[in-house]
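# Chain and residue survey
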Amino acid sequence: LLGRAYADWAGQRPGWVAGPVQIGPYCFVGPHSLIEAGSRLGRGCIVRAGSVLRGDYPEFSLIAGNPAAVVGDARAADARWLAAHPELRPHYEAWAGAGTAATQTPLTPEARR
């Protein structure tokens, strides 16, 4: 927009959007994803590759698309893993919080596959 004058421009640059981006702990952001200024991701979010995020996303969201949308819960796939390794449940609950979807939801026949 400004060409060579961009580097030396005094004052606010036209078209410039700035803002803090907050990414919670234990998040995974897939390759080639874009997180726009002012966005916030809660703890434990998973962002699929190539997603374009703008706005606030709750904890443990599975996020995908352009524009990005919440398409699931990151804890849902953990239920099968916890069923196979019950000795790790206390550690999981300390991380994800007691009473999460993975610790309360019974396994469906589809999840057992």
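Everything discussed here concerns the structure shown above.
This text gives an overview of the structure that appears in the document. (Residues numbered from 1 in each chain as written. Predicted model: local features only at pLDDT ≥ 70, side-chain atom pairs only at ≥ 80, totals over all residues. Heavy atoms only, no water.)

### Digging into the sheet that holds strand β4 (residues 40–41)
- A sheet is described by the order of its strands in space; here 3 strands give the open sequence β1-β4-β7, paired in parallel fashion. Either end of the sheet is taken by a strand with one partner, and the two such strands are β1 (22–23) and β7 (56–57).
- Pairing analysis gives 2 bridges linking β4 to β7, with the strands arranged parallel. Within β7, the position partnered with L41 by the bridge is Y57. (Pairing = 2+ DSSP bridges. Helix = DSSP H or I, 4+ residues; strand = E, 2+ residues; numbered from the N terminus.)

### Looking at the pairing of strand β8 (residues 61–65)
- Where burial is concerned, most of β8 is hidden: 4 out of the 5 residues are buried.
- As paired strands, strand β5 (residues 46–47) and β8 are joined by 2 bridges and run parallel to one another. Within β8, the residue paired with I46 across the bridge is L62.
- Pairing between β8 and strand β9 (residues 68–73): 5 bridges, direction antiparallel. When the sheet's bridge partners are listed, I63 is paired in β9 with V70.
- The turn joining β8 and β9, which pair antiparallel and follow one another in sequence, is formed by 2 residues. (Buried < 20%, exposed > 50% of the residue type's maximum accessible area, 1.4 Å probe, protein only.)

### Regarding the nonpolar core
- Among the nonpolar cores identified, the biggest contains 7 residues, and these are L41, C45, V47, L53, Y57, I63 and A68.
- If we skip the residues at most four places from it in the chain, C45 touches Y26, C27, F28, Y57, P58, F60, S61 and I63.
- In terms of nonpolar packing, the next biggest core, distinct from the first, is built from 5 residues, A74, L82, Y92 and A96 among them. (Core = buried A, V, L, I, M, F, W, Y, C linked by side-chain atoms within 4.5 Å. Contact = heavy atoms within 4.5 Å.)

### Quick notes on the side chain of R75
- Within the secondary structure, R75 sits in the loop between β9 and α1 (78–84).
- The class of R75 is buried, set by a relative accessible area of 15%.
- A distance of 2.7 Å separates a polar atom in the side chain of R75 from a polar atom in the side chain of D73. (Polar contact = N/O pair within 3.5 Å; in protein donor to acceptor, adjacent residues only side chain to side chain.)

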